[in-house]
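Structural features, examined
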Amino acid sequence: MFDRLPGETDLFVFDEVADQLLEQGVALSPSELHGCLVGLLAAGHSEDPGAGLAAVNQALELDLHGDLADEVMQLYTLSGEALAEDLFDFCPLLPDDSHELAVRTQCLAHWCQGFLAGFARAIAVSGTGAETLPGDSTEILRDFAAMAQADADAQQEDDEDAENSYAELVEYMRVAAVNVFLDSRARGEERDKAARGQDSLH
């Protein structure tokens with residue numbers, strides 16, 4: 001089981017998740033896995049951890065099982081709780097600063113790829129693809145699509161500006177994901193309220 005790091009906002013430790021994936025023969029970045037889980041939640045997918053596991057398996061064409069499946073369900077639950085805290089606890093699962101900038105940049109791109117895959121899967125399941133996305137979600141998804149193409153080779157390890165740019169992208173990604181989650185939740189609550197109102201008329 002993964003533990004929270006004292007004083008850290010990361011829900012899980014990147015390297016531990018990577019080891020677990022490798023042990024199960026899954027060639028996937030922990031960042032892409034986490035991004036997919038967050039994308040599902042941000043699009044209003046069920047908060048049930050079993051539903052989250054099934055959806056991430058389908059979205060990323062995986063077959064996570066055993067202890068890893070249990071841990072992914074825990075990560076799904078904790079991610080949902082962190083998103084609901086409105087910026088206080090949520091942090092994307094990315095490598096720490098001990099990793100080279102090129103690696104961190106590539107994982108940032110993987111996280112965005114995963115988010116888009118999870119978001120698309122949740123929209124497909126809910127059948128709300130024809131609806132206009134709430135708030136700034138459309139613009140944010142475009143930004144994530146651009147960030148998913150981030151070129152790790154373009155980063156210079158000793159470039160302070162590149163480090164600052166990376167930090168700014170991570171912060172934007174963090175805030176944007178929470179905003180999409182909150183917008184989707186608000187729209188879901190409005191939809192439920194409208195449905196209850198219609199039921200009361202019958």
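Our subject is the structure that appears above.
Attention here is on the structure that accompanies the text. Owing to the predicted nature of the structure, the values given are computational and were not obtained by experimental measurement.

Parameters at a glance
- Residues numbered from 1 in each chain as written.
- Predicted model: local features only at pLDDT ≥ 70, side-chain atom pairs only at ≥ 80, totals over all residues.
- Heavy atoms only, no water.
- Salt bridge = Lys/Arg side-chain N within 4 Å of Asp/Glu carboxyl O.
- Buried < 20%, exposed > 50% of the residue type's maximum accessible area, 1.4 Å probe, protein only.
- Patch = residues over 30% accessible without salt bridge, like charges linked within 9 Å, V, L, I, M, F, W, Y side chains within 5 Å.
- Areas by Shrake-Rupley, 256 points an atom, 1.4 Å probe, with all protein chains shown as cover.
- Lys, Arg positive; Asp, Glu negative; His and termini not counted.
- Charge placed at Lys NZ, Arg CZ, Asp CG, Glu CD.
- Helix = DSSP H or I, 4+ residues; strand = E, 2+ residues; numbered from the N terminus.
- Phe/Tyr/Trp six-rings, centres within 6.5 Å; stacked < 30°, edge-to-face > 60°.
- Lys NZ or Arg CZ within 6 Å of the ring centre and 35° of its normal.
- Axes fitted to C-alpha atoms, helices over the stretch in contact; angles between N-to-C directions.
- Left-handed = near helix turned anticlockwise from the far one by under 90°.
- Contact = heavy atoms within 4.5 Å.
- Nonpolar A, V, L, I, M, F, W, Y, C, P; charged D, E, K, R; others polar.

**What to know about the pattern of salt bridges**
- If you walk through the whole model with that rule in mind, you get 3 salt bridges.
- Among the salt bridges present, the one from Arg104 reaches Asp97, with a minimum N-O distance of 3.6 Å.
- Here Arg104 falls in the buried class, since its relative accessible area comes to 3%.
- With a relative accessible area of 65%, Asp97 lands in the exposed category.

**Some details on a negative patch on the surface**
- On the surface, Asp15, Glu16, Asp19, Glu23 and Asp96 cluster together into a negatively charged patch.
- If you trace the backbone, Asp96 turns up in the loop between helix 4 (66-84) and helix 5 (101-126).
- Residue Asp96 is classed as partly exposed on the basis of its relative accessible area of 43%.

**Regarding the packing of aromatic side chains**
- For the structure on display, the rule yields 6 aromatic pairs.
- Taking 6.0 Å as the distance between ring centres and 85 degrees as the angle between the ring planes, the aromatic pair formed by Trp111 and Phe144 counts as edge-to-face. In this pair, Trp111 is assigned in helix 5 and Phe144 in helix 6 (residues 137-147), connecting sequence segments 33 residues apart. The pair formed by Trp111 and Phe144 is uniform in burial state, with each residue classed as buried.
- Each ring, one from Phe115 and one from Phe144, has its centre 4.9 Å from the other, and the planes form 85 degrees; the classification is edge-to-face. You can see Phe115 sitting in helix 5 and its partner Phe144 sitting in helix 6, a full 29 residues away along the chain.
- By the ring-pair criterion, three or more aromatic residues cluster together here, those being Phe90, Trp111, Phe115, Phe119, Phe144 and Tyr172.
- When the ring centre of Tyr166 is taken as origin, the NZ or CZ atom of Arg104, which lies over that ring, is 5.3 Å away.

**A closer look at the packing of helix 2 (residues 30-42) against helix 5**
- Two elements in contact, helix 2 and helix 5, have axes separated by 6 Å at closest approach and are oriented at 35 degrees. Considering how the two elements wind past one another, helix 2 and helix 5 form a crossing that is right-handed. For the pair helix 2 and helix 5, the contacting residues are Ser31, Glu32, His34, Gly35, Cys36, Val38, Gly39, Leu40 and Ala42 in the first and Cys107, His110, Trp111, Gln113, Gly114, Phe115, Ala117, Gly118, Phe119, Arg121 and Ala122 in the second.
- Tallied by class, residues from the contact of helix 2 with helix 5 come to 10 nonpolar, 8 polar and 2 charged.

**A closer look at the side chain of Arg104**
- Relative to the helices and strands, Arg104 resides in helix 5.
- Other than its neighbours up to four places away in sequence, Arg104 contacts Pro95, Asp96, Asp97, His99, Glu163 and Tyr166.

**Describing the environment of Glu131**
- Along the chain, Glu131 falls in the loop between helix 5 and helix 6.
- Setting aside chain neighbours within four positions, we find Glu131 in contact with Arg187 and Arg191.

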